[in-house]
Structures are given as structure tokens and as C-alpha cells.
Amino acid sequence: IGDLARSFAEMQAAVSELVASQGRQIEALTTPLIPLRDDVVVLPVVGELDQRRSEKLGQGLVDGAFERSARVAIIDLTGTRVTKDRAADVEALQVLVRAFQAVRLLGVGVVITGMGADIATRISDSDLDMTGIATEPTLQIGIDRAARVRDGGK
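Residues numbered from 1 in each chain as written. Predicted model: local features only at pLDDT ≥ 70, side-chain atom pairs only at ≥ 80, totals over all residues. Heavy atoms only, no water.

Draft legend 1. Looking closely at the sheet that holds strand β5 (residues 134-136). In space, the 5 strands of this open sheet follow the order β1-β2-β3-β4-β5, with mixed pairing throughout. Sheet topology places β1 (34-37) and β5 at the edges, where each strand pairs with a single neighbour. Averaged over all pairs of adjacent strands, the angle between their axes in this sheet comes to 30 degrees, without regard to strand direction. In terms of strand pairing, strand β4 (residues 109-113) meets β5 through 3 bridges, oriented parallel. Looking at β5, one finds that Ile-112 is bridged to Thr-135. Contacts between helix α3 (residues 86-105) and the sheet are confined to β3 (72-81) and β4, with β4 contributing the most and set at about 145 degrees to the helix. (Pairing = 2+ DSSP bridges. Helix = DSSP H or I, 4+ residues; strand = E, 2+ residues; numbered from the N terminus. Axes fitted to C-alpha atoms, helices over the stretch in contact; angles between N-to-C directions. Contact = heavy atoms within 4.5 Å.)

Structure (C-alpha cells):
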């Protein structure tokens, strides 16, 4: 019985580690920071945002921009949706905006693309400071802007 109990405990630990590993892999896939060029990164944000996910996205953005010595970070919100909870949406957006400001402190230009009317409304209805953060209607226009920024233009 003792051997059976130890075997069960070992199996339970192995399953727990496997589940944790898969969770980390899924998390990495849902917060990809994609190098577009040597010094330009893109963070596509898809789905609904909550505060925990925004924190992961923001931290990944700051860390990734620093590690890659990025000059421009494009955050594409084309696939992002708001929820029915305005307060929760604003909290999640506050976390992201703080990350955008942190990236700017690293000397990285921030360009937000694909922002829908619902997200723009949430931002404008709140006290979020978007100073210094450029916006463009589409990812392609944001990429063009990033090319101009990295080439020294505006």
C-alpha cells in the first residue's frame, strides 16, 4: 500500500507539472511579441482583456522591447473586444497604458493600431493618459509609420 501511495503521489506530481507546463505554453502563445524588423516589434492583442491578461501582455511588451532593443513597438488591437463590464475594461486598459508608458521610458516609440470604436470610447470615457502614444487605423499604416520613425522621420 505504501508503494502504491508513493507511485500515486509521483504520478500526481508529474500530471501537475505537465498541466503547469501546458499553461505556460498556452500563455506564451496568447501573448506573442513578434519581431517585425530588427528594431520593430508587434504585439497582436486578440480577444477580451482582463486585468491579469493585460498585466501579462504589458510585462511581455516591456521585457521584449528591452531585450530586442526595439525602437518601435506596434500594439495591434484589431482583434480585441470590450466586455459588458466597463469598469473592468478600463482597469485592463489602465494596465496596458502603464506598460505603453514604461516602454516609452525605454526610448521605444509606441504605435497602437486597429483600435475599434468601442475601445476608443472606453479610453475617452476614462482618465487614461495617451500622451505620446501614436494611433493608426490599420496595422499596415502602423508598420509604415514605424518605418518612418526608425528612419528618423515622424
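Now that the structure has been shown, the text picks up again.
Draft legend 2. Representation of the pairing of strand β2 (residues 40-48). Here β1 runs beside β2; their pairing, made up of 3 bridges, is antiparallel. Of the residues in β2, the one forming a bridge with Ile-34 is Val-42. Linking two consecutive strands that pair antiparallel, namely β1 and β2, is a turn of 2 residues. Bridge analysis of β2 against β3 gives 8 bridges, and the strand direction is parallel. Across the sheet, residue Val-46 finds its bridge partner in β3, namely Gly-79. Crossover β2 to β3 through helix α2 (residues 51-67) is right-handed. (Right-handed = clockwise from strand over helix to strand, strands pointing away.)

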